[in-house]
Every structure is written in C-alpha cells, then in structure tokens.
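# Structural overview
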Amino acid sequence: MNPPGAAWLSLIKSRMTMADLALCADQDRWARELRWTVSRTGFGARHYRDPRFDLVRELEEVGRLFTV
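Residues numbered from 1 in each chain as written. Predicted model: local features only at pLDDT ≥ 70, side-chain atom pairs only at ≥ 80, totals over all residues. Heavy atoms only, no water.

### Description of the overall build of the chain
The secondary structure content of the chain amounts to three helices and two strands. Going from the N terminus to the C terminus, the chain shows its helices and strands as α-α-β-β-α. Scaling as 2.2 N^0.38, a compact globule of 68 residues should have a C-alpha radius of gyration of about 11 Å, whereas the chain reaches 20 Å, well beyond that. With the C-alpha coordinates of the chain rotated into their principal frame, the extents come out at 65 × 30 × 15 Å. A burial count over the chain gives 9% of its 68 residues as buried. (Helix = DSSP H or I, 4+ residues; strand = E, 2+ residues; numbered from the N terminus. Rg over C-alpha atoms; globule rule 2.2 N^0.38 Å. Buried < 20%, exposed > 50% of the residue type's maximum accessible area, 1.4 Å probe, protein only.)

Right, dumping it as structure tokens:
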C-alpha cells in the first residue's frame with residue numbers, strides 16, 4: 001500500500017520535470033544541434049559539454065609522449 005500523499009508527490013515530481021524540460025528546451029535543442037552532450041544537474045540547471053575538447057586533451061597527451 002502506498003503511503004498517504006504518494007500520489008500527490010508523484011504528480012508534483014512529474015510536473016516539475018515537465019516544467020524543467022520546457023524551461024530549458026531551447027538551450028537543450030541548440031546544444032544538441034551542435035552535437036554537445038547535455039546533462040541535467042538540477043531544476044533549470046544543465047551541464048553542456050562540447051566533445052571536441054576530448055580531441056584537444058588527446059592531442060596534448062600525444063604531444064607529451066613525443067616531447068619526453
């Protein structure tokens with residue numbers, strides 16, 4: 001049996017998620033068009049990451065191997 005108020009809590013959580021997605025929809029769409037990764041970190045908070053920085057890190061590591 002569900003505790004009292006569980007249905008309300010579930011409803012509130014789903015509405016908060018819907019509001020969060022609607023709030024950040026334009027920025028998320030823009031980031032995905034640029035092929036960035038998007039991670040939700042909280043209500044209205046996102047972490048956007050450009051995967052091209054992985055290539056920069058790999059090139060730096062290769063450069064260190066050849067200069068040592």
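### Topic: the environment of Cys-24
Note on placement: Cys-24 falls in the loop between helix H1 (6–23) and helix H2 (25–33). Separated by 37 residues in sequence, Cys-24 and Glu-61 place their C-alpha atoms 35 Å apart. Discounting residues that sit within four places of it in the chain, Cys-24 has contacts with Gly-44, Arg-46 and Tyr-48. (Contact = heavy atoms within 4.5 Å.)

### Regarding the pattern of salt bridges
As enumerated under the stated definition, the model contains five salt bridges in all. The closest approach of N and O atoms between Arg-46 and Asp-28, which form a salt bridge, is 3.1 Å. Highlighted residues: Arg-46 in strand S2 (residues 45–49) and Asp-28 in helix H2, separated in sequence by 18 residues. The exposure class of Arg-46 is buried, given its relative accessible area of 14%. Taking relative accessible area as the criterion, Asp-28 reaches 6% and is therefore assigned buried. In this structure, the salt-bridge partner of Asp-50 is Arg-52, at a minimum N-O distance of 2.6 Å. You can call Asp-50 buried: its relative accessible area is 9%. Taking the relative accessible area as the measure of exposure, Arg-52 reaches 60% and is therefore exposed. Three or more residues joined by partner-sharing salt bridges are found here, namely Asp-20, Asp-28, Arg-40 and Arg-46. (Salt bridge = Lys/Arg side-chain N within 4 Å of Asp/Glu carboxyl O.)

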